[in-house]
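# A look at the structure
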Amino acid sequence: MTSLNQAPVEPAVRGTTKGRDMDAIAARLVYQQRLFLFGTGAAVGIAALWLMFAGNPPNMGFCIACFSRDIVGALGFHRASAVQYLRPEIIGIVLGAALAAMVGGEFKAKGGSAPLSRFVVGFFIMVGALVFLGCPLRMVLRLGGGDLNALVGLAGFVTGIIPGTILLRTGLNLGAARTIRRADGVVPVAVALVLLVLIFARPIADAAAGGPVFASTSGPGSMHAPILLSLVAGLVVGILAQRARLCFAGGWRDLILVRDWSQLVGYMTILVIVFVGTAATGRFHVGFAGQPIAHTEWVWNFLAMALVGLGSVVIGGCPLRQLVLAGSGDADAGVSVLGMLVGAATSHNFIFAAGPTGVPVGGKVAVLVGLGVVFTIGLLLRGQTQDGA
Amino acid sequence: MDGPRDVERAGGACCSNLDLRGLSCPIPVLRVREALESGVNELRVLAEPASVANIIRLAQSKGCQVEFSDSTGTTGRPSPGGEIRIKRLPAENKRRDNL
């Protein structure tokens, strides 16, 4: 921020379009983004339905939190045998985002914006998501399938975003990221490629334990669409989500903060498509009780998603957006994703994660602690750093 | 809250430059709004692709005239990131809040 405030702006702006009607270009850019958001929402909705019909768990065509947790389990970092599977969707999203960013000239390796705080917040976002049983994306899918617990979750999510916007208004700023070496920004892509190899190679290192790579034989982890379909769906969603900058937390945040509803277009489209799709195939069941992979403890559905909402505002994006940014060279988002993965393993090892029967005591304590920790991080990271970044 | 410092230096009147690259959402949009609300009439903003559309929407909702030049992307092709020039129009021309 500092140096350029003093010097006139002249840096990397080449190939300008001076002379053309720039106001029209600006307007077209905004229009294009809204159209992209609509198209992306439609594609994500259709992909989620398709994956569910093809074998993914009910109301879980896509779930960034659940699927990341499944991957962590497949690699043996937690021992919940019902939720272990190397989900190709996640790998597809990272690779798709990287592809879109590289082709679009937007792949930019950068990092250094409060990485460890992002790790902690990512950790607690995952704790919250696994108490609610879904990231913001699955919350919308659950809602589209008639699960009213997700409506409680949504209320909590928006309620959590409000204190986040207050923190932003009063100066929350994780600091500017700096350009880093390209090789550094490519790490998430490399990890995704290694996981892709593991999907097909399925090495068994510990014969007695049968893994890793583990794959559930019962429970949600055993329910999955064919690998190639999952991978392609992930790639498509990754590409579109990168272009459209799809982010549910960002949508509500911008509505509250600058009265800009554009970002919500994408998620509203997903909701409508999923509602129509589940209704048309007789899978729409409205109510609280008996919903697939969900529980009815509304206090904890509310508070858990409040934690996800608050955390997502503090680190600048929901779990899907973090994955996409990580694929686009943002090493800080990559650290957030690492926090999410560790949070997933911890949630199952420490029995925080909820199940259809309800929320364990540990999960309740963890959500309350998480709310406190994330809000404190938000309070402490206000204002500018010493060098003014 | 720290405002853009040169805005204060310029007495909140003339033009101002903001480099908002590297900042995560929604800080860039908030910085631009802060600058516009502090009475700057002309603003030159350097922004990353992810924040460009948001900044333009904000400026338009504030009734400003927006010009945009794209910078060259990392692969040499034009990317939607770049420089945004925001000019405040006289009050009577101000568009209604269209968001």
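That block above? That's the structure.
The paragraphs below set out a description of the structure included in this document. (Residues numbered from 1 in each chain as written. Chains lettered and ligands numbered in written order. Predicted model: local features only at pLDDT ≥ 70, side-chain atom pairs only at ≥ 80, totals over all residues. Heavy atoms only, no water.)

## What to know about the overall build of chain B
From N to C terminus, chain B includes 3 helices and 4 strands. Along chain B, from the amino end to the carboxyl end, the secondary structure elements read α-β-α-β-α-β-β. Sorting the 99 residues of chain B into buried and exposed places 58% on the buried side. Element-wise, carbon and sulfur atoms account for 46% of the exposed surface of chain B, whose accessible area totals about 4,000 Å². (Helix = DSSP H or I, 4+ residues; strand = E, 2+ residues; numbered from the N terminus. Buried < 20%, exposed > 50% of the residue type's maximum accessible area, 1.4 Å probe, protein only. Areas by Shrake-Rupley, 256 points an atom, 1.4 Å probe, with all protein chains shown as cover.)

## A few points about the nonpolar core
Membership of the largest hydrophobic core comes to 135 residues, with the highest contact counts inside it found for Phe-62 and Phe-157 of chain A together with Val-32, Val-45, Ile-84 and Ile-86 of chain B. The element that contributes the greatest number of residues to this core is helix H2 (residues 22-53) of chain A, accounting for 11 residues. Dropping the residues within four chain positions of it, Ile-84 of chain B is found in contact with Leu-43, Arg-44, Val-45, Ala-47, Val-52, Ile-55, Ile-56, Val-66, Glu-67 and Phe-68 of chain B. (Core = buried A, V, L, I, M, F, W, Y, C linked by side-chain atoms within 4.5 Å. Contact = heavy atoms within 4.5 Å.)

## Regarding helix H14 (residues 319-327) of chain A
Residue and element names in this part refer to chain A. Among the 9 residues in H14, 9 count as buried, and that is most of the element. Within H14, burial applies to Pro-319, Leu-320, Arg-321, Gln-322, Leu-323, Val-324, Leu-325, Ala-326 and Gly-327. The positive-phi residue at the C-terminal boundary of H14 is Gly-329, with phi of around 100°.

## Re a nonpolar patch on the surface
Residue and element names in this part refer to chain A. A cluster of nonpolar side chains, Val-272, Phe-275 and Val-276, forms an exposed patch at the surface whose accessible area comes to about 270 Å². Residue placement: Phe-275 occurs in helix H12 (residues 264-280). By relative accessible area, Phe-275 is classed as partly exposed at 40%. (Patch = residues over 30% accessible without salt bridge, like charges linked within 9 Å, V, L, I, M, F, W, Y side chains within 5 Å. Salt bridge = Lys/Arg side-chain N within 4 Å of Asp/Glu carboxyl O.)

## Quick look at the packing of aromatic side chains
All names here are of chain A. In total, this model carries 6 aromatic pairs over all chains according to the counting rule given. Between Phe-350 and Phe-352, the ring centres sit 5.8 Å apart and the planes meet at 40°, which makes this aromatic pair tilted. Pairwise contacts between aromatic rings join Phe-157, Phe-248, Trp-252 and Tyr-267 into one cluster. Its guanidinium or amino end placed over the ring of Trp-261, Arg-34 lies 4.5 Å from that ring's centre, counting from NZ or CZ. Of note, Arg-87 hangs over the ring of Phe-67, and the distance from its end group to the ring centre comes to 4.3 Å. (Phe/Tyr/Trp six-rings, centres within 6.5 Å; stacked < 30°, edge-to-face > 60°. Lys NZ or Arg CZ within 6 Å of the ring centre and 35° of its normal.)

## Things to note about the pattern of salt bridges
Residue and element names in this part refer to chain A. For the structure shown, the criterion picks out 14 salt bridges over all chains. Here Asp-254 makes a salt bridge to Arg-253, at a shortest N to O gap of 3.1 Å. For the pair Asp-254 and Arg-253, a shared accessibility class is recorded, and that class is buried. A cluster of three or more residues bridged by salt bridges with shared partners is formed by Arg-69, Asp-70 and Arg-87.

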